[in-house]
Amino acid sequence: MKTAQAESQTATNGATMTPVEKASPQAAETHPVKMTARKVNVFYGAKQALFDVDLEIRDNAVTALIGPSGCGKSTFLRCLNRMNDVIDNCRVSGEIRLGDTNIYGAHIDPVLLRARVGMVFQKPNPFPKSIYENIAYGPRIHGMAERRAQMDEIVETSLRKAALWDEVKDRLQEPGTGLSGGQQQRLCIARAIAVNPEVILMDEPCSALDPIATARVEELIDELRENYTIVIVTHSMQQAARVSQRTAFFHLGNLVEEDETDQIFTNPRDKRTQDYITGRFG
Ligand SMILES: Nc1ncnc2c1ncn2[C@@H]1O[C@H](COP(=O)(O)OP(=O)(O)OP(=O)(O)O)[C@@H](O)[C@H]1O
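These numbers were taken from a predicted model, which means no experiment stands behind them.

Asks: Describe in detail the overall build of the protein, supporting the description with residues and values.
Replies: Summing up its helical and strand segments, the protein has eleven helices and ten strands in all. For 282 residues, the compact-globule estimate of 2.2 N^0.38 gives 19 Å, and the C-alpha radius of gyration of the protein, at 18 Å, lies within 12% of that figure. Along the first, second and third principal axes, the C-alpha atoms of the protein reach 55 × 45 × 35 Å. Relative to its full complement of 282 residues, the protein shows a buried share of 44%.

Given below as structure tokens:
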């Protein structure tokens, strides 16, 4: 695990945009709220990992979750599509809404929820199937295509949205695992897009990628926010500054502050945030 200071010295290698160049046509605080967390507490057995987290996640914006290792970023991310349900000893309390829907309501099917709130993981994890089948799998189990031509269209559209189509259109029947790491990660993003999500969660999506592949995925994230709500966990403050409009800083299981990204990095309200962004602890 790199310290914040080491990170700040190295992470710029993958940059295509600096914070000042970042396109921010409109302050994200004016965007409608897409997801709302209220008094979220998470326990792994007797150990509490999150404490009364309140957060509003804005539509058509990228929200970055930052903070030192073990502060609860991934735990919070997994609350947003109930991925913590699959961890045996994990218990979540509080309320999380997607639009008007309480996602922890008794009537909610987590499989359908995860189509609306998709996830991209740290390590690219394509299925051991063809590029085509990686994309077609989700739409098929959700009954989204009756005919082959419809499925072909979903596959092409998803790959285009993930900026991968031109690189793979002539080898759709080849294994997804044969792509480069960066292409595999874009394939995983295409796979998430294929089931028409509203929100895409990304847990350190570039940590296994080289600087060029990182830059490509960051550009893609910037394009995707036009149509999706994106929440990204990152250890890189440079990445948070490059790709996000809102940033939430976590420390020891508490959400310390959340604001416009520029505000967090130039004028944080809390001393803990200040200490973290200046590399005093990591
Ligand atoms: N499956 C688990 N079982 C028990 N404890 C867990 C589990 N997952 C996470 N934790 C604990 O919960 C706390 C928060 O972990 P989490 O992975 O959410 O932090 P993080 O900020 O994402 O860390 P990192 O930056 O290192 O990935 C940590 O103390 C961690 O050890």
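So, next bit.
Asks: Please give an account of the site of the ligand that cites residues and values.
Replies: With respect to spatial proximity, the complete set of residues near the ligand consists of Y44, A49, G67, S69, G70, C71, G72, K73, S74, T75, I87 and H235. Looking at which element gives the most residues to the shell around the ligand, the answer is helix α2 (residues 73–79), with three residues. Considered class by class, the residues forming the shell around the ligand number four nonpolar, seven polar and one charged.

Asks: Account for helix α7 (residues 181–193), naming residues and giving values.
Replies: Look at α7: 18 Å from first C-alpha to last across 13 residues, which is about the 18 Å you get at 1.5 Å a residue. Counting buried residues in α7 gives twelve out of 13 residues, a clear majority hidden from the surface. Every buried residue belonging to α7 is among G182, Q183, Q184, Q185, R186, L187, C188, I189, A190, R191, A192 and I193, and all of these are buried. Next to the buried residues of α7 lie β6 (117–120), α4 (131–141), α5 (148–161), α6 (165–168), β7 (199–203) and α8 (211–224).

Asks: Would you mind going over the sheet that holds strand β9 (residues 246–251) in detail, with residue names and values included?
Replies: One open sheet holds the six strands; their spatial order is β6-β7-β8-β3-β9-β10, and the pairing between them is mixed. Edge positions in the sheet fall to β6 and β10 (254–260), since each of these pairs with one other strand and no more. With strand direction ignored, the average angle separating the axes of adjacent strands in the sheet is 20°. Taken together, the four bridges between strand β3 (residues 62–66) and β9 define a ladder with parallel strand orientation. Its bridge partner lying in β9, I66 is registered against F249. Strands in contact with α7 are β6 and β7; relative to β6, the strand with the most contacts, it is inclined by about 170°.

Asks: So what's going on with the sheet that holds strand β1 (residues 33–44)? Residues and values would help.
Replies: Strand order in the open sheet formed by four strands is β2-β1-β4-β5, with antiparallel pairing between adjacent strands. Either end of the sheet is taken by a strand with one partner, and the two such strands are β2 (47–58) and β5 (101–102). Bridging between strand β4 (residues 90–98) and β5 involves two bridges; their strand directions are antiparallel. In the sheet register, L98 faces β5, and the bridge partner there is T101.

Asks: So what's going on with the confidence of the model for the protein? Which residues, and what values?
Replies: Confidence along the protein averages 90 in pLDDT terms, with 90% of residues attaining 70 or more. Scored below 50 in pLDDT, residues 1–25 shows 40 contacts in the model against residues more than four places distant or in partner chains. Per the prediction output, this complex has pTM 0.89; the corresponding ipTM is 0.98.

Asks: Which residues make up the packing of α4 against α7, and what values go with them?
Replies: Interhelical geometry of α4 versus α7 gives an angle of 30° and a closest axis separation of 7 Å. One finds that α4 runs roughly parallel with respect to α7. Viewed along their axes, α4 and α7 form a crossing whose handedness is right-handed. Along the contact surface, α4 presents I131, N134, I135 and G138, while α7 presents L187, A190 and R191.

Cut-off values and rules
- Residue positions are given per chain, counted from 1 along the sequence in the order it is written.
- This being a predicted model, a pLDDT of at least 70 is required before a residue's local features are given, and a value of 80 or more before pairs of side-chain atoms are given or counted; all residues contribute to the totals for chains, interfaces and linings.
- In this text, helices come from DSSP runs of H or I with a minimum length of four residues, and strands from runs of E with a minimum of two, each type numbered from the N-terminal end.
- Based on C-alpha atoms, the radius of gyration is set beside the globule rule, defined as 2.2 Å times the residue count to the power 0.38.
- Backbone-placed C-beta atoms define the burial measure: a residue is buried with 20 or more other C-beta atoms within 10 Å of its own, exposed with 12 or fewer, and partly exposed in between.
- By definition, a residue lies near a molecule or strand provided its backbone-derived C-beta atom is within 6 Å of it.
- Think of it as three bins: nonpolar holds Ala, Val, Leu, Ile, Met, Phe, Trp, Tyr, Cys and Pro, charged holds Asp, Glu, Lys and Arg, and polar takes everything else, Gly as well.
- Here, expected helix span is obtained from the residue count minus one, scaled by 1.5 Å.
- Any two residues are considered in contact once their C-beta atoms, placed from the backbone, lie within 7 Å.
- In this analysis, strands are considered paired if DSSP registers two or more bridges between them.
- Orientation is described by lines fitted to C-alpha atoms, with helices fitted over the stretch in contact, and by angles between N-to-C directions that extend from 0 to 180 degrees.
- For every residue, the predictor assigns a confidence score, pLDDT, that lies between 0 and 100.
- Angle categories are assigned with fixed cut-offs, so that under 35 degrees is roughly parallel, over 145 is roughly antiparallel, 65 to 115 is roughly perpendicular, and the rest are oblique.
- Each crossing gets its handedness from the near helix: less than a right angle anticlockwise from the far helix is left-handed, clockwise is right-handed.

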